[in-house]
Amino acid sequence: MSAILPPAERLWWKHPLDRVEGTWIAIAFVWCMIMFFMMIYWHAFGKQNLSTETYKTTPELFATKAQAMVDQYTVRTETDMQTPVVAPPVGSDVYMIARLWNFWPILELEKDQTYRLHLTSMDYNHGFSLQPANINIQIVPGYEHVITVTPNQSGQFSVVCNEYCGIGHHTMVGRIYVK
Amino acid sequence: MSTATTYRTCPRSGLQFESQAEKLMLANAVAAVVFLLIGGILAIGIVLTRWPAVHWLEADTFYQVLTAHGIDMLIFWIIFFEIAVLYFCSSTLLRCRLATPKIAWLAFALMVIGSVMNNVAVYQGGSSVMMTSYVPMMAAPSFYLGLILFAVGALIGCFVFLGTLVVAKRDKTYQGSVPLVTFGAITACIIAVFTIVSGAIILVPTFLLSVGLIDAVDPLIYRTIWWAFGHSSQQINVAAHISIWYAVAAIAFGAKPMSERVSRGAFLLYILFLQLASAHHMLADPGMSTEWKVVNTSYFMYFAVLASMIHGLTIPGAMEVAQRQKGYNKGLFEWLRKAPWGNPTFSGVFISIIGFGFLGGISGVMMGTEQLNMIIHNTIYVPGHFHATVVIGTTLSFMALTYFLIPVLFKREMINPGLAKWQPYLFGLSMYFFCLVMMGAGTLGVSRRHWDMAFAGNALAYEWPGAAYLMMGLVGIAGIAAIAGGAIYIYITVGSLLWGKRLESGAANKEPTPIPLQIPSSVAVQSYGSMGFAAPGTFVLAMVFLVSFVLYYFINWKYLSTLWGLS
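Residues numbered from 1 in each chain as written. Chains lettered and ligands numbered in written order. Predicted model: local features only at pLDDT ≥ 70, side-chain atom pairs only at ≥ 80, totals over all residues.

K.L.:
Is there a simple way to explain the overall build of chain A in this structure?
P.N.:
Check the secondary structure of chain A and you find two helices and 12 strands. Going residue by residue from the N terminus, the α and β elements of chain A occur as α-β-α-β-β-β-β-β-β-β-β-β-β-β. Compactness check: chain A gives a C-alpha radius of gyration of 24 Å against a globular reference of 16 Å for 179 residues, more than 25% above the reference. In terms of overall dimensions, chain A has C-alpha extents of about 80 × 40 × 30 Å along its principal axes. The buried share of chain A, taken over its 179 residues, is 43%. When contacts within chain A are restricted to residue pairs at least 6 apart in sequence, those whose partners lie at least 24 apart make up 53%. (Helix = DSSP H or I, 4+ residues; strand = E, 2+ residues; numbered from the N terminus. Rg over C-alpha atoms; globule rule 2.2 N^0.38 Å. Buried ≥ 20, exposed ≤ 12 C-beta atoms within 10 Å, placed from the backbone. Contact = placed C-beta atoms within 7 Å.)

Below is the structure:
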C-alpha cells in the first residue's frame, strides 16, 4: 500500500517493472559505464594522470636530496628569507619540501619540458595547490610522491597549501616560475 | 521479558507509539537539535570570516570554530537524529516494543557524554585539528575519547534497532516483508555498523598515541581508514534521508513505491558498494595504485551512483503516480503544480531531492572521478559539494520530517505555521545558492579551511582573481540567509515543544495492535500517464538531470585537458 507499510504483494519481487523505471535504469546504467571507462580511457590517451610513484622517506633523507639540488642549481635568492630559486636541468629530479609553514625552495622550470617533481612533508599533512593552473595534490609526511610534470604555460605560479596544517596554515605559500 | 509498557495510537496519523521508544526518540531528537543550534551559531563565525570583506574572527578562533562546526553538524546533529529515525522505523512502523530500552538509554548517555567531552576539548583550545584530525597533528586525548564514547553509544543504538526488528518478527506484529522505509533504515544501520567499526579501528590507536602509549600512527593508513569512517558516515545519511523521502511521499500523498523490487534493489546496491567511498579522499594521495583508486572511487563501476539515480526517479515517480491517480492527470506537470507546496514536510523533501541530485550528486561524481579530482581536491568546491549532500540532502529532510513529527510525536500544535511554510524555501534555496557559489570559487582554486585568502603581508602572496573574491562574498551572504533559515527551524521546533498547544495523545493500551494484513489492490487498467509511462513528468525531469550531468561532466574533462601535463 505504501512505503511505511509492509508490501501488500507478498511476492513483491515478482512484480513487473513499470516502463519508466526500466528505461531509466537502462539509461543510468549505460551512463555509469561510460563514466567508469572514461577514467580508464584517460589513462590510455589523456595527458593529465596523477602518478602513483611513491617511496617511503624520512625528513632527513629527503632534506639531504633537496639540499644537494639547491647547492648545485641555485640561480638567485628571493624574499628576505633568502629563499633559493633553483633552475634544475630539464628532465631531472626536482625536490620541493613542504613544512610548517612554507614550501622550499622556489623552482624555475622551462615551458614544455618534463621534470620529475618529488614532494613530501617534513611534519604534518600539507596540500600542493598550484595556482592559477589549479592542480591539487595531497602531501603526506613519510611518503615521497614523484610526479612527472610538463608545464604548458609560462609565468609565475603559486603553490598554496590547501590542507589545514595548524595556526600558520594560511601563510604557507610557495612559488614556481616557468620560463 | 515483557516489561510494563504502553502503546498509543496517534489520532492524527494513525501511527502507533510505544512509550519507551517514544521517550527515546524525543530525547535523541532534542539532543540532535541542540547540536544543530550549536553548529549553527558556529557557522555564523565561519561565513563571516570567509566573507573577505568582513573577515571577522581571528585565525586561531576561526580554526577552532571550524573544527567544532564540522564535528557538531556532520557527526552529532545527524547521528542523534538518525538514532531517533532508527527507533521510529523499527518500533513505530512495525508497531512493536523497543528492544532493551535500558540499554538504549545507556547508548544515549554515552552519546551525550562523548559529544560534550569532544566539544569541551575543542573549546579548551589545543584541539583545533578539524573534523579529520589527520595524524601526526594531535588533539587532546579527550577529543578522541569523546568521539570513541559517542561512537560506542551509536553502535549500541544500532543494535537496539536490530533487536527491535527481532522483537517485531517474533511477536508477529506485521506480516510479510518489512516496509520499504524500514528496509532503508536497515541499510543505514548496516552501513553505520561498518562505519563505526572503521572509526574505532583508527581512533582507538590515535587516542593511545595521544596519551603516549604507542609511538606512531602512519599518516597514510590513518587517512585510508579514517575516511572509511568519515565518508561512510555520510553514506548512513544518504540511506537515512532517502528512507525519509520515501516515508514523506507515503505520508504526504499516500504514494506507494512504483516497484518494491527496484527500490529495495537500489538499497541493496548501497549496502554492497557505498562503503568504498573512502577512496574519494585519497585520489590526490601518494601510495595508492591507480587500479585501487579507479575501482573504489567509482563504488565499483558506479553501482552506488546507479542506485541513487534510481531512487531519484522512483521517489518523485511514486508521488506523480499517486497524484495522477487522484485525478491530477493533465499534461506532464499538473501533478507537480497541484502538489502541497504550502506543507513544509512536502516542500522540504522536494527541495531536498532536487538539490541533492543536481548539486550534491553531480558535483560528487566530478570530485570522485580519479583525474578530475586534481582540479577539485581540497578546494572550497569540496565543502560546496558536501553542503549540498549533507545540508540540502540530509538536514533539510530531517527538518521536513520534524514538521510532521511535531503534532505526531511531540503531541504539540506547531507554533507559527505561517513561518514554517516559508522555512524550507528560505533555508533550502539559500543553501542552493551557497553551494553553487562555493563550487564556483572552488573551480577557481580557492582553498577550503583557509583563514586568509589575501595572504596579507606574505612576500610570496598569491592574488586570487576578482571573481574568486566575489564568489566568497556571495558565500557569506548566502550563508547568513541559510543560517537565518536554520534559526527559524529551531525556533519553531523548540517553541512548539515548549509553548505549543498540547494535543490529544490517543488512549494508552497495554498491548500493541498489529499492522492489519495488506490486501493487494486488484490490478486496474492503468488510466493515467502517457506513452505507456506511468510517470512521464518525472521521466522528463530525469532526462533534464541526465543532460545537465553529461554536459557538466565533459566540461570538466575539457578543463582538465588544459592543465600541465602530468604523468
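K.L.:
What is the right way to read the overall build of chain B from this model?
P.N.:
A tally of helices and strands in chain B yields 15 helices and four strands. Its C-alpha atoms give chain B principal-axis dimensions of about 75 × 60 × 45 Å. Within chain B, contacts between residues at least 6 apart in sequence are counted, and of these 85% link residues at least 24 apart.

K.L.:
Explain the interface of chain B and chain A here, please?
P.N.:
How big an interface is tends to be stated in terms of the accessible area lost upon association of its parts. Each side of the interface is counted separately: chain B has 92 residues, and chain A has 78 residues. The dominant element in the side of chain B that touches chain A, judged by the number of residues it contributes, is helix H9 (residues 299–325) of chain B, at nine residues. Residues that form the side of chain B that touches chain A fall into these classes: 56 nonpolar, 26 polar and 10 charged. Relative to strand E4 (residues 565–566) of chain B, strand E10 (residues 143–150) of chain A runs antiparallel, the two being bridged by two bridges. Bridge assignment links Thr150 of chain A to a residue of E4 of chain B, and that residue is Gly565 of chain B. (Nonpolar A, V, L, I, M, F, W, Y, C, P; charged D, E, K, R; others polar. Pairing = 2+ DSSP bridges.)

K.L.:
Just to check I follow, could you spell out the sheet that holds strand E2 (residues 74–78) of chain A for this structure?
P.N.:
Sheet strands pair by backbone hydrogen bonding; their relative direction is either parallel or antiparallel. All names here are of chain A. In space, the seven strands of this open sheet follow the order E2-E3-E6-E12-E11-E8-E9, with mixed pairing throughout. Looking along the sheet, the strands with just one partner apiece sit at the ends: E2 and strand E9 (135–139). Averaged over all adjacent pairs, the angle separating strand axes in this sheet is 20 degrees, with direction ignored. In terms of strand pairing, strand E8 (residues 126–131) meets E9 through five bridges, oriented antiparallel. Residue pairing across strands places His126 opposite Ile139, the latter belonging to E9. (Axes fitted to C-alpha atoms, helices over the stretch in contact; angles between N-to-C directions.)

K.L.:
Honestly, the environment of Phe37 of chain A in this entry has me stumped. Any pointers?
P.N.:
Along the chain, the position of Phe37 of chain A falls in helix H1 (residues 19–45). Sequence separation between Phe37 of chain A and Asp112 of chain A is 75 residues; the distance between their C-alpha atoms is 29 Å.

K.L.:
Teacher, can you tell me more about the sheet that holds strand E1 (residues 7–9) of chain B here?
P.N.:
Taken together, the three strands give an open sheet; going across it, the order is E2-E1-E3 (chain B), and neighbouring strands pair in antiparallel fashion. The open sheet is flanked by strand E2 (16–18) and strand E3 (508–509) of chain B, the only strands paired with a single partner.

K.L.:
Could you clarify how one ought to interpret the pairing of E9 of chain A in this entry?
P.N.:
Within a regular beta strand, the side chains point alternately toward one face of the sheet and then the other, so they alternate between its two faces. Within E9 of chain A, five of the five residues are buried, which leaves it mostly tucked inside the rest of the structure. The antiparallel hairpin formed by E8 of chain A and E9 of chain A contains three residues in its connecting segment, where Asn134 of chain A sits at a positive phi of about 65 degrees.

K.L.:
Sorry if this is basic, but what is going on with the nonpolar core here?
P.N.:
A general tendency of soluble globular proteins is for nonpolar side chains to be buried together. Of all hydrophobic cores here, the largest spans 254 residues; its most connected members are Phe80, Val248 and Ala249 of chain B. Ignoring any residue separated from it by four or fewer positions in sequence, one finds Phe80 of chain B in contact with Asn28, Ala31, Ala32, Phe35 and Met111 of chain B. (Core = buried A, V, L, I, M, F, W, Y, C linked by C-beta atoms within 7 Å.)

K.L.:
Sorry if this is basic, but what is going on with the environment of Thr182 of chain B here?
P.N.:
Residues and elements named next belong to chain B. Within the element layout of this structure, Thr182 appears in helix H5 (residues 180–210). Classification of Thr182 as buried rests on a count of 28 C-beta atoms within 10 Å. Taking the C-alpha atoms as reference, Thr182 lies 9.9 Å from Tyr87; in sequence the two are 95 residues apart. Dropping the residues within four chain positions of it, Thr182 is found in contact with Cys89, Ser90, Leu93 and Leu94.

K.L.:
Looking at this model, I keep getting lost on unusual backbone geometry. Mind explaining?
P.N.:
Note: most residues except glycine have negative phi, and most peptide bonds are trans. Omega for the bond connecting Trp104 of chain A with Pro105 of chain A falls within 30 degrees of zero, at -5 degrees, which places this linkage in the cis form. Within the secondary structure, Pro105 of chain A sits in the loop between strand E5 (102–104) and strand E6 (106–109). In this model, Val135 of chain B is joined to Pro136 of chain B through a cis peptide bond whose omega is 5 degrees. One non-glycine residue, Gln82 of chain A, lies in positive phi territory at about 55 degrees. Following the sequence through the fold, Gln82 of chain A ends up in the loop between E2 and strand E3 (83–86). The phi angle at Arg449 of chain B is positive, at roughly 50 degrees, despite the residue not being glycine.

K.L.:
Just to check I follow, could you spell out the packing of H9 of chain B against helix H15 (residues 536–561) of chain B for this structure?
P.N.:
The packing of two helices is summarised by the inter-axis angle and the distance between the axes. Residue and element names in this part refer to chain B. The N-to-C vectors of H9 and H15 enclose an angle of 150 degrees; their axes lie 8 Å apart at closest approach. As judged from the angle between their axes, H9 and H15 are roughly antiparallel. When the axes of H9 and H15 are compared, the crossing they make is right-handed. Of H15, the residues touching H9 (which contributes Leu313, Pro316, Gly317 and Glu320) are Gly537, Thr538, Leu541 and Ala542. Considering only residue class, the contact of H9 with H15 consists of four nonpolar, three polar and one charged. (Parallel < 35°, antiparallel > 145°, perpendicular 65-115°, else oblique. Left-handed = near helix turned anticlockwise from the far one by under 90°.)

K.L.:
Is there a simple way to think about helix H4 (residues 141–170) of chain B in this case?
P.N.:
Residues that lie three or four places apart on an α-helix share one face, since the helix turns once every 3.6 residues. Taking 1.5 Å of rise per residue, the 30 residues of H4 of chain B would be expected to cover 44 Å, and the 43 Å separating its terminal C-alpha atoms lies within 8% of that figure. After H4 of chain B finishes, the residue Lys172 of chain B shows a positive phi value of roughly 50 degrees. (Expected span 1.5 Å × (residues − 1).)

K.L.:
Explain the confidence of the model for chain B to me, please; I cannot follow it from the model alone.
P.N.:
A low pLDDT means the predicted coordinates there should not be read in detail. With 97% of its residues at a pLDDT of 70 or more, chain B shows a mean pLDDT of 94. Considering each helix and strand of chain B separately, the mean pLDDT is smallest for E3 of chain B, with a value of 91, and largest for helix H3 (residues 101–123) of chain B, with 98. (pLDDT = per-residue confidence, 0-100.)

K.L.:
What am I meant to see in the packing of helix H6 (residues 219–253) of chain B against helix H11 (residues 344–367) of chain B here?
P.N.:
Residues and elements named next belong to chain B. Relative to each other, H6 and H11 sit at 140 degrees, their axes nearing to 10 Å. Regarding the angle of H6 to H11, the classification is oblique. Two packed elements cross with a definite hand, and for H6 against H11 that hand is left-handed. Contacts between H6 and H11 involve Trp245, Val248, Ile251 and Ala252 from the former and Thr345, Phe346, Val349 and Ile353 from the latter. Of the residues belonging to the contact of H6 with H11, the class tally is seven nonpolar, one polar and no charged.

K.L.:
Quick question: what am I supposed to make of H9 of chain B here?
P.N.:
Residue and element names in this part refer to chain B. An ideal rise of 1.5 Å per residue puts 39 Å on 27 residues; H9 measures up with 37 Å between its terminal C-alpha atoms. In terms of burial, H9 is largely enclosed, as 23 of its 27 residues are buried. Just downstream of H9 lies Gly327, where phi reads positive at about 110 degrees.

K.L.:
Looking at this structure, I do not really get the environment of Gly45 of chain B. What am I missing?
P.N.:
Residues and elements named next belong to chain B. Along the chain, Gly45 falls in helix H1 (residues 19–50). Each C-alpha atom of the pair Gly45 and Gly254 lies 42 Å from the other, and the pair is 209 residues apart in sequence. Once you skip the residues sitting within four places of it in the chain, Gly45 turns out to touch Trp56, Leu57, Phe62 and Val65.

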